[in-house]
Amino acid sequence: VTKDMVNTLLLVFQVVSRNTFYPMLQHAIKVGSAFEGWNPYENDITYCLFVPLSPPLGHTFHLERGTDEETLARNFRIRVELVCTCTWHQLPGEMLCFLHNPQEELRRNQQHPSLLGTLCTSSYLDVEKTARWFRQLVKACWKILPESSICCLNMLPSRRSCKFQVKKNNGKSLTIELMFGVQQGDSDIFVSNQSIEAIIPSTTWPESYAVAESKFFKHMARRALRDSFHLKCLRLCTHILVGTGFSSYTLKTVVMHLLTTTPMSDWHRRDFLLRLQHIMWYLRCCLEQRCLEHFFFGNEKVPEEISLPLDLQMAKPLNLFHHLAQDPAAHAEALLEFHYVHDR
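- The chain is annotated in an unreviewed UniProt entry as IPIL1 protein from Aegotheles bennettii.
- The record held by UniProt for the chain lists under Sequence similarities (unreviewed entry) the comment "Belongs to the ITPRIP family."

**Let's talk about the overall build of the chain**
Now for step 1: Broken down by element type, the chain carries 11 helices and 12 strands.
Now for step 2: Each principal axis of the C-alpha distribution contributes one length, and for the chain these read about 70 × 50 × 40 Å.
Now for step 3: Across the 344 residues in the chain, those meeting the buried criterion constitute 47%.
Now for step 4: Of the contacts formed within the chain by residues at least 6 apart in sequence, a portion of 61% connects residues at least 24 apart.

**Things to note about the domain arrangement of the chain**
Now for step 1: According to the domain assignment, the chain consists of domain 1 (1–208) and domain 2 (224–343).
Now for step 2: On the side of domain 2, 19 residues touch domain 1, which itself brings 15 residues to the contact.
Now for step 3: Summed over both partners, the interface of domain 1 with domain 2 comes to about 1500 Å²; 61% of that surface belongs to carbon and sulfur atoms.
Now for step 4: At the surface where domain 1 touches domain 2, the tally comes to 2 salt bridges.
Now for step 5: A salt bridge links Glu-36 to Lys-252, with the shortest nitrogen-to-oxygen separation between them at 3.2 Å.
Now for step 6: Counting across the domain 1 and domain 2 interface gives 4 residue pairs in polar contact (both at pLDDT 80 or more).
Now for step 7: Taken together, the residues of the side of domain 1 that touches domain 2 break down into 5 nonpolar, 4 polar and 6 charged.

**Topic: unusual backbone geometry**
Now for step 1: Unusually for a residue other than glycine, Ser-122 sits at a positive phi of about 55°.
Now for step 2: You can see Ser-122 is positioned in the loop between β6 (120–121) and β7 (124–125).

**Regarding the layout of surface pockets**
Now for step 1: Counted as a void, the second largest pocket has a volume near 450 Å³.
Now for step 2: Taken together, 22 residues make up the lining of the second largest pocket; nearest its centre are Ser-17, Arg-18, Asn-19, Thr-20 and Leu-57.
Now for step 3: Elements supplying a minimum of two residues to the lining of the second largest pocket: α1 (2–16) and β1 (24–25).
Now for step 4: Class assignment for the residues of the lining of the second largest pocket results in 10 nonpolar, 10 polar and 2 charged.

**Considerations on the UniProt feature "domain: Mab-21-like HhH/H2TH-like" (unreviewed entry) in the chain**
Now for step 1: The UniProt record annotates "domain: Mab-21-like HhH/H2TH-like" (unreviewed entry) at residues 246–297.
Now for step 2: As annotated, residues 246–297 has a helix share of 58% and a strand share of 0%, and its two end C-alpha atoms lie 21 Å apart.

**Describing the environment of Thr-253**
Now for step 1: Mapped onto the elements, Thr-253 comes out in helix α7 (residues 248–259).
Now for step 2: Distance from Thr-253 to Arg-135, taken between C-alpha atoms, is 32 Å for residues 118 residues apart in sequence.

**Observations concerning the nonpolar core**
The tendency in soluble globular proteins is for nonpolar side chains to be buried as a group.
Now for step 1: Counting residues in each nonpolar core, the largest one holds 46 residues, and the members touching the most others are Phe-216, Phe-217, Leu-259, Trp-267, Ile-279, Leu-287 and Phe-296.
Now for step 2: Counting only elements with at least two residues in this core, the list comes to α5 (210–224), α6 (229–241), α7, α8 (272–289) and α11 (328–343).
Now for step 3: Per-element accounting of this core gives the leading share, 7 residues, to α6.
Now for step 4: Other than its neighbours up to four places away in sequence, Phe-217 contacts Glu-36, Trp-38, His-230, Leu-231, Leu-234, Lys-252, Met-256 and Leu-259.

**Things to note about the packing of α7 against α8**
Now for step 1: Interhelical geometry of α7 versus α8 gives an angle of 110° and a closest axis separation of 10 Å. Taken as axis vectors, α7 and α8 run roughly perpendicular relative to one another. For the crossing formed where α7 meets α8, the hand is right-handed. Where α7 abuts α8, its residues Thr-250, Leu-251, Val-254, Val-255, His-257 and Leu-258 lie against His-278, Ile-279, Tyr-282 and Leu-283.

**Brief notes about the pattern of salt bridges**
Now for step 1: In the structure shown here, the tally under the stated rule is 12 salt bridges.
Now for step 2: Ionic pairing is found between Arg-79 and Glu-81, a salt bridge with its closest N-O pair at 1.9 Å.
Now for step 3: Of the residues examined, Arg-79 reaches a relative accessible area of 24% and is grouped as partly exposed.
Now for step 4: For Glu-81, a relative accessible area of 31% gives the class partly exposed.
Now for step 5: Via salt bridges that share partners, Glu-64, Arg-77, Arg-79 and Glu-81 belong to a single interconnected network.

**Quick notes on a positive patch on the surface**
Now for step 1: A cluster of basic residues, Lys-3, Lys-30, Lys-218 and Arg-222, forms a positive patch at the surface.
Now for step 2: Here Lys-218 lies in helix α5.

**With respect to the pairing of strand β9 (residues 162–168)**
Now for step 1: Sheet topology places strand β8 (residues 151–156) next to β9; 6 bridges connect them, and they run antiparallel. Bridging from a neighbouring strand, Met-155 pairs with Phe-164 of β9.
Now for step 2: Where β8 folds back on β9, the antiparallel hairpin that results is connected by 5 residues.
Now for step 3: Bridge count between β9 and strand β10 (residues 173–183): 6 bridges; the pairing is antiparallel. Counted as the bridge partner of Cys-162 is Leu-178 from β10.
Now for step 4: Linkage of β9 to β10, two consecutive antiparallel strands, is achieved through a turn of 4 residues, within which Gly-171 is found at a positive phi near 100°.

How each quantity is defined
- Residues numbered from 1 in each chain as written.
- Predicted model: local features only at pLDDT ≥ 70, side-chain atom pairs only at ≥ 80, totals over all residues.
- Heavy atoms only, no water.
- UniProt positions renumbered as here; feature names shortened; annotations may be inferred.
- Helix = DSSP H or I, 4+ residues; strand = E, 2+ residues; numbered from the N terminus.
- Buried < 20%, exposed > 50% of the residue type's maximum accessible area, 1.4 Å probe, protein only.
- Contact = heavy atoms within 4.5 Å.
- Domains from an automatic or database assignment.
- Buried area = accessible area lost by both parts, 1.4 Å probe.
- Salt bridge = Lys/Arg side-chain N within 4 Å of Asp/Glu carboxyl O.
- Polar contact = N/O pair within 3.5 Å; in protein donor to acceptor, adjacent residues only side chain to side chain.
- Nonpolar A, V, L, I, M, F, W, Y, C, P; charged D, E, K, R; others polar.
- 1 Å grid on protein atoms, 1.4 Å probe; cavity = no way out; pocket = protein on both sides within 12 Å on 5 of 7 lines; lining within 4 Å.
- Points joined across faces, edges and corners; volume = space filled by probe spheres on them.
- Core = buried A, V, L, I, M, F, W, Y, C linked by side-chain atoms within 4.5 Å.
- Axes fitted to C-alpha atoms, helices over the stretch in contact; angles between N-to-C directions.
- Parallel < 35°, antiparallel > 145°, perpendicular 65-115°, else oblique.
- Left-handed = near helix turned anticlockwise from the far one by under 90°.
- Patch = residues over 30% accessible without salt bridge, like charges linked within 9 Å, V, L, I, M, F, W, Y side chains within 5 Å.
- Areas by Shrake-Rupley, 256 points an atom, 1.4 Å probe, with all protein chains shown as cover.
- Lys, Arg positive; Asp, Glu negative; His and termini not counted.
- Charge placed at Lys NZ, Arg CZ, Asp CG, Glu CD.
- Pairing = 2+ DSSP bridges.

Structure representation (structure tokens):
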């Protein structure tokens with residue numbers, strides 16, 4: 001229901017944005033724990049959908065890799081360039097070439113401004129401006145949707161994304177977050193608007209693995225055939241972690257590694273306690289060694305169905321526990337907290 005509603009919104013967006021030069025919106029992709037089937041929060045669920053962006057007519061996107069090696073996420077900037085459209089077959093009143101027509105001619109043609117003049121900062125696509133554009137579109141287009149007659153829309157504060165709540169007349173509500181970004185080549189890896197712990201410029205787009213992770217869990221569900229018991233294990237373990245210093249992404253990474261090293265036949269209800277012990281054992285070993293490798297960096301066990309950029313395939317393993325290796329006090333605290341989690 002959520003995906004259908006969002007895709008209907010995107011169709012309305014396309015109609016409203018026709019003849020303008022904002023990013024072109026592709027079909028939404030379901031990502032995150034709520035759609036993957038392991039959300040640990042029963043009463044606090046956010047349905048996250050990823051919306052790929054492609055350049056509008058007369059524009060191109062170029063991804064530029066950042067040079068900051070200290071952050072865990074690989075950061076990019078999206079440089080927007082104008083391309084010549086003079087050779088395109090054009091009828092009177094149609095789009096004029098931004099590169100080879102003066103501003104006066106463009107205004108006489110009543111042509112909307114280029115993307116460089118709307119959502120960019122210094123030739124780079126701006127995350128915060130793009131998020132504001134998304135929020136304005138949602139508010140403007142909501143009343144066109146059939147759901148608007150039985151639901152109330154409430155926009156939620158978010159600087160780098162578009163987050164809103166849809167509340168029905170009976171009091172039930174859905175919280176939806178629209179993420180967005182640009183695909184790296186034809187891979188399952190995107191640069192996105194996701195927030196990270198560090199304060200970053202509005203033209204910085206961190207690398208996102210959300211689409212690849214969603215595709216990974218779908219692949220494993222097909223291999224599991226009838227019972228996706230691995231998701232039940234992940235859900236229970238992440239529920240146990242709530243309120244601790246361990247993130248749900250830590251457990252998600254642990255389980256992804258185990259799913260590629262443990263036969264799917266062992267992820268069965270009869271092996272429930274054994275699988276929980278296996279997950280906790282793996283986490284303890286990673287804590288003791290102060291090393292938990294990111295699943296997609298230089299990992300030869302990533303299923304072939306998931307397409308990764310070549311530089312990510314060849315990259316050195318990335319340690320998600322890098323901070324524990326650098327901070328003995330944090331490491332000692334994490335070990336103590338692990339015993340608390342294990343007792344739970």
